[in-house]
Amino acid sequence: MNKININGIELAYERQGKGTPLVLLHGFPLDHHLWDEVIPLLEDTFDLIIPDLRGFGESTTVDTLYTTDDLASDIAGLLDQLGIEKSAIAGHSMGGYVALAFARLYPEKVSGLGLVSTQALADPPERKEGRYKSAEDVADNGIHGIVEAMTTKFTSNERLQEFARNSMERQQPAAYIGSLKAMAERSDSSSLLASMDYPVVVIHGDADVLIPIERGQEMKDAISHAHFVKIKDAGHVPMLEAAQETANGLKLLA
Ligand code: MLT
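These remarks concern the structure in this document. (Residues numbered from 1 in each chain as written. Predicted model: local features only at pLDDT ≥ 70, side-chain atom pairs only at ≥ 80, totals over all residues. Heavy atoms only, no water.)

**Points about the site of the ligand**
Every residue near the ligand is listed here: Gly27, Phe28, Ser93, Met94, Tyr97, Arg127, Arg131, Met150, Met183 and His236. Interatomic distance of 2.5 Å between a side-chain N/O atom of Tyr97 and an oxygen atom of the ligand. One of the side-chain N or O atoms of His236 is found 2.8 Å from an oxygen atom in the ligand. If you list the elements that add at least two residues to the shell around the ligand, you get α3 (94-105) and α4 (125-141). (Near = heavy atom within 4 Å. Polar contact = N/O pair within 3.5 Å; in protein donor to acceptor, adjacent residues only side chain to side chain. Helix = DSSP H or I, 4+ residues; strand = E, 2+ residues; numbered from the N terminus.)

This is how it looks when you write it as structure tokens:
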């Protein structure tokens, strides 16, 4: 993978294809391989930039506290170093929280936004508390418990559950802990949605049990010009479960 130094860490990324710049941000607790199935479907349309978020994959793992704004700042630094002034940003789930933070902090750098299996809402208090408990459990007992709990929630497809499990098992405990805390402390992005003046596509599986499709519908309703790609029978990882439909949705950002 390519690497840059930014904000005191090494950020790893893949770059592939030609066209409009499009950053693809993976969700928790995965890495850039989440997008492997859609890359061949998008590389004729986009200059794809596919990082491992801080802590994940080949990017530096840190033990210090950070926020989704810090993760967005890593991506802004990456684009700056690549000489890209404006880019479409698509984020899956936690990657969507980072994409929304990016849109709030750097609106002038955004040419379009893809919100995949994600939500604009912040965590309610009990969810926030649950994240801190999960972070403690990972610190005390390792990642096994959370990997077990999450595997079947990504998708009902057993082959893809295996893919998700392998991806989760590759990640460092510190990445789980850091990003659970970052997600717990993220702000509510709902008030940002109405001001978006670039193309937006919301992509959501109707069988998502981690973030229900109603959260996607709420974002679509708040952004009058947004496209809504509802994917029938897909769970939390439509880029794996329905790669072509997901790619077609993302192409609306070209
Ligand atoms: C993700 O897939 O990134 C996470 O499940 C999102 C979350 O826990 O809110």
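**Looking at the pattern of salt bridges**
If you walk through the whole model with that rule in mind, you get 14 salt bridges. Taking the shortest distance from any N to any O, the salt bridge between Asp47 and Arg15 comes out at 2.7 Å. Note that Asp47 is positioned in strand β4 (residues 46-51) and Arg15 in strand β2 (residues 9-16), a separation of 32 residues in sequence. Relative accessible area serves as the criterion here: at 10%, Asp47 is assigned to the buried category. The exposure class of Arg15 is partly exposed, given its relative accessible area of 38%. (Salt bridge = Lys/Arg side-chain N within 4 Å of Asp/Glu carboxyl O. Buried < 20%, exposed > 50% of the residue type's maximum accessible area, 1.4 Å probe, protein only.)

**A look at the nonpolar core**
Ranked by internal contacts, the top residues of the largest apolar core, which has 90 residues, are Trp35, Leu113 and Met196. A per-element tally of this core places α3 first, with eight residues. Leave out the neighbours within four places in its chain, and Met196 touches Leu100, Ala103, Leu113, Ile223 and His225. (Core = buried A, V, L, I, M, F, W, Y, C linked by side-chain atoms within 4.5 Å. Contact = heavy atoms within 4.5 Å.)

**Observations regarding the layout of surface pockets**
Approximately 510 Å³ is the volume found for the largest pocket. Of all elements in the fold, only α3, α4, α5 (144-154) and α7 (173-184) reach the threshold of two or more residues within the lining of the largest pocket. In terms of residue class, the lining of the largest pocket is built from 14 nonpolar, five polar and six charged. (1 Å grid on protein atoms, 1.4 Å probe; cavity = no way out; pocket = protein on both sides within 12 Å on 5 of 7 lines; lining within 4 Å. Points joined across faces, edges and corners; volume = space filled by probe spheres on them. Nonpolar A, V, L, I, M, F, W, Y, C, P; charged D, E, K, R; others polar.)

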